[in-house]
Amino acid sequence: MSELQYDPLHVGPCVAIAGGVGGARLADGLYRSLAADSLTVIVNTGDDFEHFGLTMCPDLDTVMYTLAGLANPETGWGVVGDTTHALAALRAYGADDWFIVGDRDLATHVRRTALLHSGHTLTQATASLVDALGIRARLLPMTDAPVPTFVHTQAGERLTFQDYFVRRRHQDAVARVEFAQATQATLTHAISSAVDAAETIVFCPSNPFLSIEPILSVPGLRARIAAARARKIGVSPIIGGAAVKGPAADMLTSLGHDCSALGVARLYAGLLDVLVIDEVDAALAPAVSATGLRCVVTPSLMRSIDDRVALARRVLEAAHAPEDD
Ligand code: FO1
């Protein structure tokens, strides 16, 4: 457990559903707010790919580094203060250098690939890395099988995720997101038991299409969450009609949704009980409530560790507040 600056909220087991940087930051707020070993983060693996002959899991690493206090605070991904000597040497050999891999980050990819090659599942390999970093939370890949996300552009191309997101800087207009091989994926016991035991399930402010939807595409997971006794609460990744980071707002528009916290509410209505939206979107609260979600309005931009903890505490409290709150 990182240095405990906040008195832990004694609520029961919490499951966070998270993808990239925004998701990792709220997961960190929850991690810092809860007692040790009471947080499980189910993480998107649709961004995973083989690169330099190594299995790379960007969202698992982003959540892991963030909870360990190792993440680069500017980018949100990679290791703070990391060097890129290996990348420079690879470039000199003619290897691709559009995906920036730091030297310490490379150790994670090397170690994970070795664990996988020696027969560990991705769940086991992730637990090994997380334990080694002293993180007192469980990080669970959404499944142990590869379920790569492909992005179909409006220009008719089918791009791998990192091609779309990093190499082409998510500039392409998206027509469809495809979760290849999702039907072959199975729900791990670790995920089923975490969801069943949870008192709170938090949908972090991640991209609904590139982070949350891939996780819900694992057969049985959406139904398991819907049937779970936990209170289910989400945080809108859209504030004032814009994404804090990444292409979520562009994608809401290109995929025909309202580019607002209301558009996000409509995606989650029926699955969640509560949706947290930012104060700038307060005027949308009645329309959000009309979707059947209880709407909670609170500052939700996380610029600091304190912001992450404040939002996390507000989310946990709102999840269990009496209906007439
Ligand atoms: N995102 C980028 O935009 N450019 C990069 O060069 C880059 C490198 C990178 C290395 C390790 C890692 O864990 C994440 C990295 N990301 C990079 C982020 C990655 O593309 C994620 O998939 C996004 O954050 C979306 O979740």
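Worth saying up front: this structure is predicted, and the values here are computed from it rather than measured. Per chain, residues are indexed from 1 in the order of the written sequence. Per-residue local features are limited, in this predicted model, to residues with pLDDT of at least 70; the limit for side-chain atom pairs, both in listing and counting, is 80 or more; totals at the level of whole chains, interfaces and linings are taken over all residues. No hydrogens and no water enter the side-chain calculation; it runs on all heavy atoms of the structure.

Considerations on the site of the ligand
As a reminder of what qualifies: Whether a residue is near a molecule or strand depends on its heavy atoms: if one lies within 4 Å, it is near. N or O atoms within 3.5 Å of each other form a polar contact, as long as, within protein, one can give a hydrogen and the other can take it, and as long as residues adjacent in sequence are counted only when both atoms are side-chain atoms. Helix and strand labels come from DSSP, where a helix needs a run of H or I of at least four residues and a strand needs a run of E of at least two; each type is numbered from the N terminus. We call Asp, Glu, Lys and Arg charged. Ala, Val, Leu, Ile, Met, Phe, Trp, Tyr, Cys and Pro are nonpolar, and the rest, Gly among them, are polar.
Lining the immediate environment of the ligand, one finds 14 residues, of which Asp-47, Asp-59, Ile-100, Gln-162 and Val-166 sit closest. Within the side chain of Asp-59, an N or O atom sits 2.7 Å from an oxygen atom of the ligand. Listing elements by their share of the shell around the ligand, those giving two or more residues are helix 2 (58-67) and helix 6 (161-167). Residue contributions to the shell around the ligand peak at 4 residues, all from helix 6. Broken down by class, the residue content of the shell around the ligand amounts to 8 nonpolar, 2 polar and 4 charged.

Things to note about the environment of Leu-216
This is how the line gets drawn: The contact rule is simple, with two residues in contact once any of their heavy atoms fall within 4.5 Å.
Following the sequence through the fold, Leu-216 ends up in helix 8 (residues 208-216). Sequence separation between Leu-216 and Met-142 is 74 residues; the distance between their C-alpha atoms is 8.6 Å. Setting aside residues no more than four positions away along its own chain, Leu-216 makes contact with Phe-203, Arg-222, Ile-225 and Leu-271.

Some details on the sheet that holds strand 5 (residues 138-141)
Condition: At least two bridges found by DSSP between two strands is the condition for calling them paired. Whenever a helix is involved, its axis is fitted only over the stretch in contact; in every case the axis is a line through C-alpha atoms, and angles between N-to-C directions fall within 0 to 180 degrees.
The strand order across the open sheet built from 7 strands is 5-2-1-9-10-13-14, with neighbouring strands paired in parallel fashion. Of all the strands in the sheet, the pair left with one neighbour each is strand 5 and strand 14 (294-297). Neighbouring strand axes in the sheet, compared pairwise and without regard to direction, differ in orientation by 20° on average. Two strands pair when backbone bridges link them, and strand 13 (residues 274-277) and strand 14 are joined in this way by 4 bridges, in the parallel orientation. When the bridges of strand 14 are listed, Ile-277 appears paired with Val-297. Each of strand 1 (14-18), strand 2 (39-43) and strand 9 (200-203) touches helix 8; the most contacted strand, strand 1, lies at about 120° to it.

Here we look at the pattern of salt bridges
Put simply, the rule is: We count a salt bridge whenever a side-chain nitrogen from Lys or Arg sits within 4 Å of a carboxyl oxygen from Asp or Glu. Partly exposed residues are those whose accessible area sits between 20% and 50% of the maximum for their type, while under 20% is buried and over 50% is exposed, using a 1.4 Å probe and protein chains only.
Per the counting criterion, the structure on display carries 14 salt bridges. The residue Asp-7 makes a salt bridge to Arg-313 at a minimum N-O spacing of 3.5 Å. Here Asp-7 is found in the segment before strand 1, whereas its partner Arg-313 is found in helix 13 (residues 305-319), with 306 residues between them in sequence. Residue Arg-222 is joined to Glu-213 by a salt bridge in which the shortest nitrogen-to-oxygen separation is 2.8 Å. Given the relative accessible area of 29%, Glu-213 is considered partly exposed. Each of Asp-28, Arg-32 and Arg-308 takes part in a single network of salt bridges with overlapping partners.

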